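Read off the chains here:
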Amino acid sequence: MHELSIAESVVAAVCERAGDRRVHSVRMRIGAFTAVVPDAMQFCFGLAVEGTVADGARLDIEHRPGAVHCRACGADTDLADMLLLCPCGSADVAVTAGRELQIVSMEVG
Ligand SMILES: [Zn+2]
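In the nomenclature of an unreviewed UniProt entry, the chain is known as Hydrogenase maturation factor HypA of Paractinoplanes brasiliensis. You can read under Function (unreviewed entry) in the UniProt record for the chain the words "Involved in the maturation of [NiFe] hydrogenases. Required for nickel insertion into the metal center of the hydrogenase." Turning to the chain, the UniProt record has this under Sequence similarities (unreviewed entry): "Belongs to the HypA/HybF family."

Trainee: Looking at this model, I keep getting lost on the sheet that holds strand E2 (residues 58-64). Mind explaining?
Mentor: Across a sheet, strands are paired by hydrogen bonds formed along the backbone, either parallel or antiparallel in direction. Judged by pairing direction, the sheet is mixed, and its three strands sit side by side in the order E2-E1-E6 without closing on themselves. The open sheet has two edge strands, E2 and strand E6 (101-108), and neither has a second partner. Sheet twist, expressed as the mean angle between neighbouring strand axes with direction ignored, is 15°. Bridge count for strand E1 (residues 23-31) against E6 is seven bridges, and the pairing is antiparallel. Pairing of Val 26 across the sheet is with Met 106, part of E6. The strands touched by helix H1 (residues 3-18) are E1 and E6; relative to E6, the strand with the most contacts, the crossing angle is about 40°. Contacting E1 and E2, helix H2 (residues 38-48) runs over the sheet at an angle of about 155° to E2.

Trainee: Looking at this model, I keep getting lost on the UniProt feature "binding site: Zn(2+)" (unreviewed entry) in the chain. Mind explaining?
Mentor: Here, UniProt's "binding site: Zn(2+)" (unreviewed entry) annotation points to Cys 70, Cys 73, Cys 86 and Cys 88. The largest pairwise C-alpha distance within this set of annotated residues, which runs over 19 residues, is 8.7 Å, so the set is compact in three dimensions. Setting aside chain neighbours within four positions, we find Cys 70 in contact with Ala 75, Cys 86, Cys 88, Ser 90, Asp 92 and Val 93. Not counting the four nearest positions on each side in its chain, Cys 88 is found in contact with Cys 70 and Cys 73.

Trainee: I'm lost on the coordination of the zinc ion in this one. Help?
Mentor: Ideal geometry at a metal centre: 109.5 degrees between donors when four sit tetrahedrally, and 90 or 180 degrees when six sit octahedrally. The zinc ion binds to the protein through Cys 70 (SG), Cys 73 (SG), Cys 86 (SG) and Cys 88 (SG), with metal-donor distances spanning 2.2 to 2.4 Å. Note that the zinc ion binds four donor atoms; their angles at the metal cover 104 to 115°, and the shape is tetrahedral. Mapped onto the sequence, the residues coordinating the zinc ion show the spacing C-x2-C-x12-C-x1-C. Of this pair, Cys 73 sits in the loop between strand E3 (66-70) and strand E4 (76-79) while Cys 88 sits in the loop between E4 and strand E5 (93-97); the two residues are 15 residues apart in sequence, bridging distant segments of the chain. We classify Cys 88 as partly exposed; its relative accessible area is 46%.

Criteria and cut-off values
- Note that residues are indexed from 1 along each chain, following the sequence as it is written.
- Since the coordinates come from a predicted model, pLDDT governs what is reported: local features require at least 70, and pairs of side-chain atoms require 80 or more to be given and counted, while whole-chain, interface and lining totals use all residues.
- Side-chain metrics in this entry use all non-hydrogen atoms of the structure; hydrogen atoms and water are not considered.
- UniProt positions are given in the numbering used here, feature names are shortened, and annotations may be inferred rather than shown by experiment.
- At least two bridges found by DSSP between two strands is the condition for calling them paired.
- In DSSP terms, a helix is any run of H or I states spanning at least four residues, a strand is any run of E spanning at least two, and both are numbered starting from the N terminus.
- As a rule, the C-alpha atoms of each element are fitted with a line to give its axis, helices using only the stretch in contact, and angles between N-to-C directions run from 0 to 180 degrees.
- What makes two residues a contact is simply this: any of their non-hydrogen atoms within 4.5 Å.
- Here the term donor refers to an N, O or S atom within 2.8 Å of the metal (or 3.2 Å for Na, K and Ca), and because water is left out of the atoms, sites may appear incomplete.
- For a four-donor site, all angles between 85 and 135 degrees give tetrahedral; for four or six donors, opposite pairs above 155 degrees with the remaining angles between 65 and 115 give square planar or octahedral; all remaining cases count as irregular.
- Burial classification: accessible surface area is computed with a 1.4 Å probe over protein chains only, and a residue below 20% of its type maximum counts as buried, one above 50% as exposed, and the rest as partly exposed.

Printed below as a string of structure tokens:
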């Protein structure tokens, strides 16, 4: 479950920015290829914020689909899962979206 270590680094970054202000909510963008499970992320975020200035903060998750560009046929395809294959059958693809794992915004005050 790598969500816990991700949640801990997110919370650490958020708390550092917040200083001694309270954090009310955090918004993250999570791509389909990061293998982060939103429910697990919510749960781990809840654990990671305990005792910090972000205790009780809400986590909003923006889920991003994955996309690949096929070097064999040139097609751009949206992919819902981790299987990096073009519909033409080629595995010679470049990931163009879906690896996002970012803090988009946070609300403090
Ligand atoms: Zn292809």
